[in-house]
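Chain and residue survey
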Amino acid sequence: MSDLTATERERILAKSALFNPPDATLPDGRRDLVGLSREELAAEMAAIGEKPFRAKQLWHWIYHQGETDFAKMTSIAGPMRAKLAERFVVERPGIATVQTSQDETRKFLFRFRDGQQVETVYIPDRHEDRGAVCISTQVGCTLSCRFCHTGTQKLVRNLGAAEIVGQFMAARDSYGEWPSPKDDKPRLLSTIVVMGMGEPLYNYEATAKALRIIMDHEGIGLSRRRITLSTSGVVPMMDRCGEELGVNLAVSLHAVTNELRDEIVPLNRKYPIEALIEACRRYPGASNARRITFEYVMLRGVNDSEAEARELVRLIRGIPAKVNLIPFNPWPGSPYETSTLPAMTRFADILNDAGYASPIRRPRGRDILAACGQLKTESERRRVSAAP
Ligand code: SAH
Ligand code: SF4
């Protein structure tokens, strides 16, 4: 790792911290136990004179059983339950609305205690009893990709780890899927895609903390293979994500020349295509069994020519990869049109012929604005400060 990258990473983390959420203590002084790491939970217990065993017990109740009421934590003695309830809560984000699409996709609008809102989407598999939860990491986004509805909403703030884990836990409540199923049992909420609102690698600390909680074997226990994090290309953070979390990586490529990518994914001006592709080549754990996903939004007449498909093949040659072709999802006022089906098919054929699986994604939940790139909330920034 070069010194330059390390410095750049420090800069990103420092700027990101400016957008961290307000302190989560309730007005009555109680603290939420959700979102604490195991070590932090143990420290909370130590502070009230309890042994580490108590933290282990609570972890099980919170993340395996999904229990939010101390009174129902029956393996804990009555007086202890009361003592915990005086000092702590096990919260869920408030649900403002829930909408279910004709295709069964379900969108949650969550409202946090400070009034800020994000959206989370559950996308059921159409053929089997499983599906993906698409979670958000920021209220708004600092980046402004031209085709993305979230990108029209300024970054309001980062989500905290509790708010990120809380989206998944509340979605699970909604499908009645507690206690956490054992690994081999099918589950409705079987995978997580970190592809909702915001750029997860610009809120790395909280995202990483939340994913570690979700992956913990004694709790929710989703393996890293069932989690995919999507980035628009925050190159200096990609290695760290791979080394520390080892989750699957999706990269929002969308263009094969710097000229076009500079325009539609403005982060490209900072981290151009060559640097991004290099970071993908280095991504720890990428292999034929665990491919990197390149996301490519199909914009009619903008990035969907056969020449661009061939250039894409050249760019990613040698990387164990697949390409998700995402038909552009329109939103109110959006400046693009979706590519025609023949154009998408020709594009996909070129990639497939070169050996890259390249499914054309079927849009899900468009009728309730729940599809990729359609998420946005009313939250507005209250203070102005420099964006990372
Ligand atoms: N900020 C991250 C993750 C969230 S976006 C990122 O950009 O990767 C999830 C995916 O939806 C990204 O690939 C994004 O480029 C894509 N997307 C955004 N707007 C879209 C739209 N209108 N139609 C289709 N896909 C879109
Ligand atoms: Fe932000 Fe991703 Fe949307 Fe770009 S595509 S504006 S990075 S959420």
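Residues numbered from 1 in each chain as written. Chains lettered and ligands numbered in written order. Predicted model: local features only at pLDDT ≥ 70, side-chain atom pairs only at ≥ 80, totals over all residues. Heavy atoms only, no water.

1. Considering the site of ligand 1
Neighbouring ligand 1 are 20 residues; Phe-147, Gly-198, Ser-230, Ser-252 and His-254 lie closest to it. Between ligand 1 and the protein, one listed contact pairs a nitrogen atom with a backbone N or O atom of Cys-372 at 3.3 Å. Burial of ligand 1 by the surrounding chains reaches 96%, relative to a free accessible area of 530 Å². Elements with a contribution of two residues or more to the shell around ligand 1: β10 (227–231), β12 (292–298) and β13 (321–327). Along the lines of polarity and charge, the residues of the shell around ligand 1 split into nine nonpolar, nine polar and two charged. (Near = heavy atom within 4 Å. Polar contact = N/O pair within 3.5 Å; in protein donor to acceptor, adjacent residues only side chain to side chain. Areas by Shrake-Rupley, 256 points an atom, 1.4 Å probe, with all protein chains shown as cover. Helix = DSSP H or I, 4+ residues; strand = E, 2+ residues; numbered from the N terminus. Nonpolar A, V, L, I, M, F, W, Y, C, P; charged D, E, K, R; others polar.)

2. Thoughts on the layout of surface pockets
Approximately 780 Å³ is the volume found for the second largest pocket. Of all the secondary-structure elements, those providing two or more residues to the lining of the second largest pocket are α1 (3–17), β1 (31–32), α5 (161–174) and α6 (204–215). The element contributing the most residues to the lining of the second largest pocket is α5, with four residues. Here the lining of the second largest pocket is built from residues that sort into 12 nonpolar, eight polar and 12 charged. (1 Å grid on protein atoms, 1.4 Å probe; cavity = no way out; pocket = protein on both sides within 12 Å on 5 of 7 lines; lining within 4 Å. Points joined across faces, edges and corners; volume = space filled by probe spheres on them.)

3. Focus: empty space enclosed by the protein
Counted by the stated rule, this structure contains one cavity of 30 Å³ or more. Put simply, the largest cavity is a space of about 60 Å³. If you go around the largest cavity, the residues you meet are Gly-246, Val-247, Asn-248, Leu-249, Tyr-283, Pro-284, Gly-285, Ala-286, Arg-290, Arg-291 and Ile-292.

4. Looking at the packing of α1 against helix α7 (residues 235–244)
Running from N to C, α1 and α7 cross one another at 90 degrees; their axes reach a closest spacing of 8 Å. As summarised for this structure, α1 and α7 are arranged roughly perpendicular, according to the angle between their axes. Contacts between α1 and α7 involve Thr-5, Glu-8, Arg-9, Ile-12 and Leu-13 from the first element and Pro-236, Met-237 and Arg-240 from the second. Grouping the amino acids of the contact of α1 with α7 by side-chain chemistry returns four nonpolar, one polar and three charged. (Axes fitted to C-alpha atoms, helices over the stretch in contact; angles between N-to-C directions. Parallel < 35°, antiparallel > 145°, perpendicular 65-115°, else oblique. Contact = heavy atoms within 4.5 Å.)

5. A short note on the nonpolar core
Core analysis: the biggest nonpolar cluster contains 103 residues, and Leu-58 and Phe-294 have the highest contact counts within it. Residue contributions to this core peak at eight residues, all from α6. When residues of this core are sorted by domain, at least three fall in each of domain 1 (35–89) and domain 2 (94–368). Once residues within four sequence positions are removed from consideration, Phe-294 is found in contact with Val-251, Leu-253, Ile-277, Cys-280, Ile-316, Ile-319, Ala-321, Lys-322, Val-323 and Asn-324. (Core = buried A, V, L, I, M, F, W, Y, C linked by side-chain atoms within 4.5 Å. Buried < 20%, exposed > 50% of the residue type's maximum accessible area, 1.4 Å probe, protein only. Domains from an automatic or database assignment.)

6. As for the environment of Leu-189
When you line up the elements, Leu-189 lands in the loop between α5 and β9 (191–194). A relative accessible area of 0% means that Leu-189 is categorised as buried. Put simply, Leu-189 and Asp-69 are 120 residues apart on the chain and 23 Å apart in space, counted from C-alpha to C-alpha. Sequence-distant contacts of Leu-189, defined by excluding residues within four places in its chain, comprise Tyr-122, Gly-131, Val-133, Phe-168, Ala-171, Arg-172, Tyr-175, Glu-177 and Leu-222.

7. Observations regarding the packing of aromatic side chains
Per the counting criterion, the structure on display carries five aromatic pairs. Seen from their ring centres, Tyr-296 and Phe-347 are 5.0 Å apart, and the 35 degrees between their planes marks the pair as tilted. Pair noted here: Tyr-296 is in strand β12 and Phe-347 is in helix α11 (residues 341–353), with a separation of 51 residues, a long-range link. Note that Arg-38 overlies the ring of Trp-59, its terminal NZ or CZ placed 4.8 Å from the centroid. In this structure, Arg-172 packs its charged tip against the face of Trp-178, placed 4.8 Å from the ring centre. (Phe/Tyr/Trp six-rings, centres within 6.5 Å; stacked < 30°, edge-to-face > 60°. Lys NZ or Arg CZ within 6 Å of the ring centre and 35° of its normal.)

8. Observations concerning the domain arrangement of the chain
Once the domains are mapped, the chain shows domain 1 (35–89) and domain 2 (94–368). Put simply, the middle of domain 1 and the middle of domain 2, counted by C-alpha atoms, are 34 Å apart. Taken together, the contact between domain 1 and domain 2 spans 13 residues of the former and 14 residues of the latter. Between domain 1 and domain 2, roughly 1100 Å² of surface is buried when both sides are summed, and carbon and sulfur atoms account for 54% of that area. Taken as a group, Gly-35, Tyr-63 and His-64 account for 49% of the area that domain 1 buries against domain 2, more than any other trio of residues on that side. Linking domain 1 to domain 2 there are four salt bridges. Notably, a salt bridge pairs Asp-216 with Arg-38, separated by 2.7 Å at the nearest N-O pair. Put simply, domain 1 and domain 2 have nine residue pairs in polar contact (both at pLDDT 80 or more) between them. (Buried area = accessible area lost by both parts, 1.4 Å probe. Salt bridge = Lys/Arg side-chain N within 4 Å of Asp/Glu carboxyl O.)

9. Some details on helix α3 (residues 52–65)
Since there are 3.6 residues in each turn of an α-helix, residues three or four apart along the chain are aligned in direction. Helix length check: α3 (14 residues) gives 19 Å between terminal C-alpha atoms against 20 Å at 1.5 Å per residue, within 8%. Those residues of α3 that fall on the buried side of the exposure criterion are Arg-54, Ala-55, Gln-57, Leu-58, Trp-59, Trp-61, Ile-62, Tyr-63 and His-64. Each element contacted by the buried residues of α3 is listed here: α2 (38–47), α4 (78–87), α5 and α6. Directly after α3, the chain includes Gly-66, whose backbone phi takes a positive value near 75 degrees. (Expected span 1.5 Å × (residues − 1).)

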